[in-house]
Structure formats: structure tokens, C-alpha cells
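What the coordinates show
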Amino acid sequence: LPSLSLSFLIQLQEAFSKGLLKPGLNVPLEEPKKAVNNIEGLKMCLAEFKKNLPWVERLDLTNHPAVDVLAKIEGTLNKKQSSGEIDAEDDFQREMYFYRQAQATVLEALPKLKKLQIPTKRPDDYFAEMAKTDQHMQKVRKKLMQKQMAIEKSEKAKKLREQRKFGKKVQVEVLQKRQKAKKAMMTAVKKYQKGMTDKLDFLEGDQEGKKGSTASKSQMSKKGPNAKRKYKDQKFGFGGKKKGSKWNTKESFNDVSGFRAKTAHGKGGKKFNKGGKKNKRPGKETRRKMKARK
Amino acid sequence: PTLFECRAAVTRVEIDVFFNFHVLFVFQGKWKNKERVLVFSSRGINFRTRHLMQDLKTMMPHSKADTKMDRKDKLFVVNEVCEIKNCNKCIFFEAKKNMDLYMWVSNVPHGPSAKFLVQNVHTLAELKMTGNCLKGSRPLLSFDPKFDKEPHYALLKELFTQTFSTPQYHPKSQPFVDHVLTFTIADKRIWFRNYQIIEEDASLVEIGPRFVLNLIKIFQGSFGGPTLYENPHFQSPNMCRRLMRMEKAARQKERQMVKEIRLEKRKEVKEVLTEDVTDDVFVTPAEEKPKEVEHEAPRPSKSKKKKKLKLTELKKRTLLKRKGLR
């Protein structure tokens, strides 16, 4: 059936409604135009026109595109393409087809050129005018850089967002963990208080954990207020009569623990900074003079 | 950096560079293949076509330019112009209606010529095409195997080869082969691409320009003569536009018709099928009310104003509340 345009269909409808059409298949009278294809003429013309130049002058090659290595690896080799049918609508495939055709040509032609001693590589010190000016190439480079920067920026932003999400997750997890631990501790303590369990395991469980983490801390806290505390405990703490005891007994006289050699010789003056700072307040006269100057 | 300087490798004395280059490379052989291509256009071309012409002249060192031709003159005047310029090939661009671009490629004195419709033109200046090549370097030509299968394509292949390949030892040419022109047949059109060869392993970058040629006719003579081949798949751009417009018109007509039919249907006298006796049993006419004539305009409805007042009242209340007076 010849393809009937919509307008023609409407015309048919109208004609039919007016009763002009007879039943049966109605076909438009115009015959399809026969395109001229003078094959002999073409061949004769070609024979006349052809210049039998050596390949060096023409540098032309006819070849199928090079095999698409990537597609082969991925297993998406299109059978259509291998036969030569390209889908002109699919831009990427089409351009890749042209690219591979050029590649195949280059691969075939370069050895031929080498044989004929025609150089293909431009030596580094050969400066000549290029098809596109330097200025233009700089613009091109700029644009490429811009694109790359944009991509990098977006990647960075994405990563940051991911990190933030991750960080938030971790934070939430840690808080939850702490809450859980606290809850468990409290229930264990309550249980013990209520007398449901005799064991004080929960304490130990805690201590073990703490010991592992605060090993360094305990070392630090040895030197802390322990000495002072010790003395005060001894003086005011529990156990034993304190009031009526003698002061200079044999034991107290022989006890040399309170002796600091440096302080005795007057050389441990490095810990007095705070006190020293306090005494740095200028004297009355100096203060009066300062006031007067103001 | 690209300068017009070149260092000679052989001689130690620094002679004028351009001369040196000629001595070393070009004059090694004699320029025998005397091909000259005349690239010019008719009036009424737009900027893209102009740039395309310029690009073709850059790509082909064996090309010459000429002023625009008046459209009044008939096409065979082109042959005379070519003779004057001593060219034996011609690429002629014709622009019609500021929209359609036609390209003639012809072998001037007696040979065949072909007319194409040019579409999808991208010039050298496009920033997406990042390759570059020496100005006037000789190209490799790459053809699709489909060019060998049909006689008209074979003729076109020969025509393109002779037109686009730079002759060896042409004085304006560069001795290096660093770019490749591809002609491929897809979707019944000829696609033209230009790639720069970067590495010996055939990694390529597109330089441009690029365009698509839709064959219209092949003539036996130059810009005239008997038609050897006519492309049956070619549809002139006018035809395309006309079809689109007709489609739209047809759609509108259909809509109109549908409307009219609907109106007619409504106006038709509808036949009553059967009269049912019991139809008027429950019909009770409404009471007749005395006709009231209103002499005054009706009062405007208070609803909107009330709402407004409400809002302001609320605001007042909140203010007073804040101040602590309520």
C-alpha cells in the first residue's frame, strides 16, 4: 500500500461522505518518480575521470573500522556494526565507529609511509604555523580545565556530604552505646541493691575496661595530691588516738621522708612562679608615681 | 609555541628559516600532481558557512579563494571562473533562504560534478574539538568500504580523493602526515570527520571541521550536463518543511471537524422513542411567587470584612497579651 498522508485521508472521508467515492481500493494516481541511475554512464565516467596516480600522491585507504576492543571485552559487540550498519541516531556509537575507521586507516598507513620515508612525527624543534592559532588552543585548554575543576568540585562536595553523614552516624552510635552501658550499669546496681544478685561482677566489668584505657592516667595521678592527702588522712583520719600523742618521738625523729634536698639547699625555686607573680605588684611609691604620670 | 621559525638540522650557518625548510623537504621532489581547488560561494551565506569555507582553505593548501558569485549568473559561469583562476577542481557553496546550504564538488573542465545538501556543520573554532594539526600538512583519506559497492559511490570516492588529497611536494604543503580525513556512509548520507594523529598507536583527537553531505544528483558535466545519478532517498528541505506544516494543518482540520460534528449532533432533533403515560404523574409545578422588584442595591456581604476584623483583632489581642495588660 502506498503511504497515505493524513490530509489525503481526510479528503477521502469528505469525498465518501459526499458520495463521490465508489467502493473499492482508491489509490492516488501519481506514480512514484523513478530516480535516474545510469550505471553504465557512471562507470564510463569513472573510467575517464580516474587518474592513476601512485598511492603516495593520494594517500587514501578503504577499510572497515578497527575492532572495538572494549566492547569485545565487555561482550557487547554489536553484530549490526560488524556488518557495517550504523545507527545514525546513537551519537556515541556513531562517532566511535568513525573513530575506529580512522584508527584502522592509521594503523594500516603508518608502516606504508615509513617504507616510503614520509615522516609522520613532527620533531620537537620544528615550529610551523598550525591550523588553529595558539590563542585558540589556549581557550580550548581553559575550557577543559574548567570542566575538570567543576567535576572535582562536585566530587569534593559529594565526599564531604558523605563524610558528614558518616560522622553523624558514628556520633549517634557512640551516644547510643554510652546510654546502653549506663542503662545496663544502673539495672545491675539496682539488682544488687534489691538483693537479686550477690555478685559484684558489674563493677569489675567496668573497672577492667577503665583500667585498660586509663593506665596512663593512673601513672599520672600517683604524684597528685596523694602526699597531702596522706598527711591529712594521717592527721585527721580514722584509727588511733591523735590528741595526746607525742610529737618528737623516736620514730618521728628518725623519719626523714619529709626531707627535700633541693628545698633544704635553697635550689628548688622553680615552683614558686604563681607566688612570684603575685609579688610582682609594684610598691607604693612606684604605684603613686604611675598614678601621677597618668 | 608556534612561530614562523624552523631550525635547520643540516647546515650550521643560520639561514632564513622558510627557505631552509623548502630546501630540506619540499624541493627534494618536484610537484607533479597539479591539482588546484577553487573554494568559493554564492551570496547570502551565513557566518557558519563562511567559517567552514575558511577552514577548508586552511586544510587544503592547494586551494584558492574567489569572491562571491552573484546568483543572477547561471551555474556554468563557475566553469569560466575556474578557468581564469587555473583551477581544475571546484567546491562551490550555495546558500538558499538563509537556511539551506548546498555544496557542489566538481572536476571543472569536463568531468563529473555532484551536488550535496550540507547539514550539521561544525567548524574548526568549536572549543569541543581539541585537536590541532600543521597548516597545510598532507592528510590521510579514509573511506568506508561501502564506497566500493555501488558505482555512484565509487565515482564520488574518486572525486573526493582527487579534491581533498594534497599533492606531494606542493610548495605550500608541510611534509608531515599528521591528520586523517574520514568519509563514512551512514543513514544514506556521507559523514565527514577530521582527526589528528597523536601517537603511533593510532590515538586520535578530532580537529574539525565536520559536516554531513546528503547527495542530491551526480551530473556528467561540470555544473550541468546529463544526470548520471539521482538520489531516491533525498527529500529537499523545502519538502520536509512543507510536510511538517501539512501535518500540523491536518491535525487542526481534524480538530475543527470533530467540533463541527459535535455541534451538529447537539442541534439534531432527537426523536422520542415511546411516550410513557406515567411520565407526568409526579410533575408538580412550582408555586407562583409575587415578582419582587428591588429598588435598592443589595448590601455587600459582611463575611470578608468580618474575617479581616478578626485578623486585626487577633493581632491586637496578642500585642496586649505581650504587654501584659490583658
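Note that the structure is predicted; figures quoted are calculated from it, not measured.

Points about the overall build of chain B
From N to C terminus, chain B includes six helices and 11 strands. Taking all 326 residues of chain B together, the buried fraction comes to 44%. Working note: accessible area of chain B is about 20,900 Å², and carbon and sulfur atoms make up 54% of it.

A short note on the overall build of chain A
Looking only at helices and strands, chain A features 14 helices and one strand. Here chain A holds 294 residues, and the buried ones make up 17% of them. Sequence-distant contacts in chain A: of pairs separated by 6 or more residues, those separated by 24 or more amount to 45%. Accessible surface for chain A amounts to roughly 26,500 Å². Of this, 56% is attributable to carbon and sulfur atoms.

A closer look at helix α2 (residues 47–59) of chain B
If you check α2(B), its first and last C-alpha atoms are 18 Å apart, about what 13 residues at 1.5 Å a residue would give, namely 18 Å. Buried residues of α2(B): T49(B), L52(B), M53(B), D55(B), L56(B), T58(B) and M59(B), and no others.

Topic: a positive patch on the surface
Residue and element names in this part refer to chain A. A surface patch of like charges, here positive, comprises K158, R161, R164, K165 and K169. Tracing the chain through its elements places K169 in helix α7 (residues 134–194). Of the residues examined, K169 reaches a relative accessible area of 56% and is grouped as exposed.

Points about the environment of L52(B)
Residues and elements named next belong to chain B. Of note, L52 is situated in helix α2. C-alpha separation for the pair L52 and F211, spaced 159 residues apart in sequence, amounts to 9.2 Å. When neighbours within four sequence positions are excluded, L52 is seen to be in contact with F93, V121, T123, P209 and F211.

A short note on the pairing of strand β7 (residues 174–186) of chain B
Side chains on a regular strand alternate between the two faces of the sheet. Residues and elements named next belong to chain B. Of all 13 residues in β7, 13 are buried; the element is thus mostly enclosed. Crossover connection from strand β6 (residues 137–143) via helix α4 (residues 151–164) to parallel β7: handedness left-handed. As paired elements, β7 and strand β8 (residues 189–197) share eight bridges and run antiparallel to each other. From the neighbouring strand, T184 faces β8, where its bridge partner is W191. Counted along the chain from β7 to the antiparallel partner β8, the turn is two residues long, and its residue D187 has a positive phi close to 55°.

Some remarks on a negative patch on the surface
All names here are of chain B. A contiguous patch of negative charge, built from E275, D276, D279 and D280, is present on the exposed surface. As for its placement among the helices and strands, D280 is situated in the loop between α5 (237–267) and α6 (303–323). For D280, a relative accessible area of 58% translates into the label exposed.

With respect to the interface of chain B and chain A
In this complex, chain B contributes 88 residues to the contact, which on the side of chain A involves 68 residues. Looking at the side of chain B facing chain A, the largest losses of area belong to L127(B), F176(B) and E200(B), adding up to 10% of the total buried there. The tally of links from chain B across to chain A stands at five salt bridges. At the junction of chain B with chain A, the criterion picks out 31 residue pairs in polar contact (both at pLDDT 80 or more). Considering each element in turn, the side of chain B that touches chain A owes the most residues, 11 residues, to β7(B). Classifying every residue of the side of chain B that touches chain A by side-chain character gives 44 nonpolar, 21 polar and 23 charged. Pairing between strand β1 (residues 60–62) of chain A and β6(B): three bridges, direction parallel. What sits directly across from T62(A), in β6(B), is F143(B).

Section: the confidence of the model for chain A
The predicted model of chain A has a mean per-residue pLDDT of 81, with 80% of residues at 70 or higher. The least confident element of chain A, judged by mean pLDDT, is helix α9 (residues 215–220) of chain A at 56; the most confident is α7(A) at 93.

Considering the nonpolar core
Of all hydrophobic cores here, the largest spans 47 residues; its most connected members are F93(B), F116(B), L156(B), F160(B), F164(B) and F183(B). Element by element, the count of residues in this core is highest for α4(B), at seven residues. Not counting chain neighbours up to four residues away, the residues in contact with F160(B) comprise F116(B), F143(B), S165(B), F183(B), I190(B) and L213(B). Counting 25 residues, the second largest nonpolar core, distinct from the first, contains L61(A), F98(A), L113(A) and L140(B).

Side note on a nonpolar patch on the surface
A grouping of F166(A), V170(A) and V174(A) is seen on the molecular surface, where their side chains present a nonpolar patch of about 260 Å² in accessible area. Along the polypeptide, V174(A) turns up in helix α7.

Thresholds applied
Residues numbered from 1 in each chain as written. Chains lettered and ligands numbered in written order. Predicted model: local features only at pLDDT ≥ 70, side-chain atom pairs only at ≥ 80, totals over all residues. Heavy atoms only, no water. Helix = DSSP H or I, 4+ residues; strand = E, 2+ residues; numbered from the N terminus. Buried < 20%, exposed > 50% of the residue type's maximum accessible area, 1.4 Å probe, protein only. Areas by Shrake-Rupley, 256 points an atom, 1.4 Å probe, with all protein chains shown as cover. Contact = heavy atoms within 4.5 Å. Expected span 1.5 Å × (residues − 1). Patch = residues over 30% accessible without salt bridge, like charges linked within 9 Å, V, L, I, M, F, W, Y side chains within 5 Å. Salt bridge = Lys/Arg side-chain N within 4 Å of Asp/Glu carboxyl O. Lys, Arg positive; Asp, Glu negative; His and termini not counted. Charge placed at Lys NZ, Arg CZ, Asp CG, Glu CD. Right-handed = clockwise from strand over helix to strand, strands pointing away. Pairing = 2+ DSSP bridges. Buried area = accessible area lost by both parts, 1.4 Å probe. Polar contact = N/O pair within 3.5 Å; in protein donor to acceptor, adjacent residues only side chain to side chain. Nonpolar A, V, L, I, M, F, W, Y, C, P; charged D, E, K, R; others polar. pLDDT = per-residue confidence, 0-100. Core = buried A, V, L, I, M, F, W, Y, C linked by side-chain atoms within 4.5 Å.

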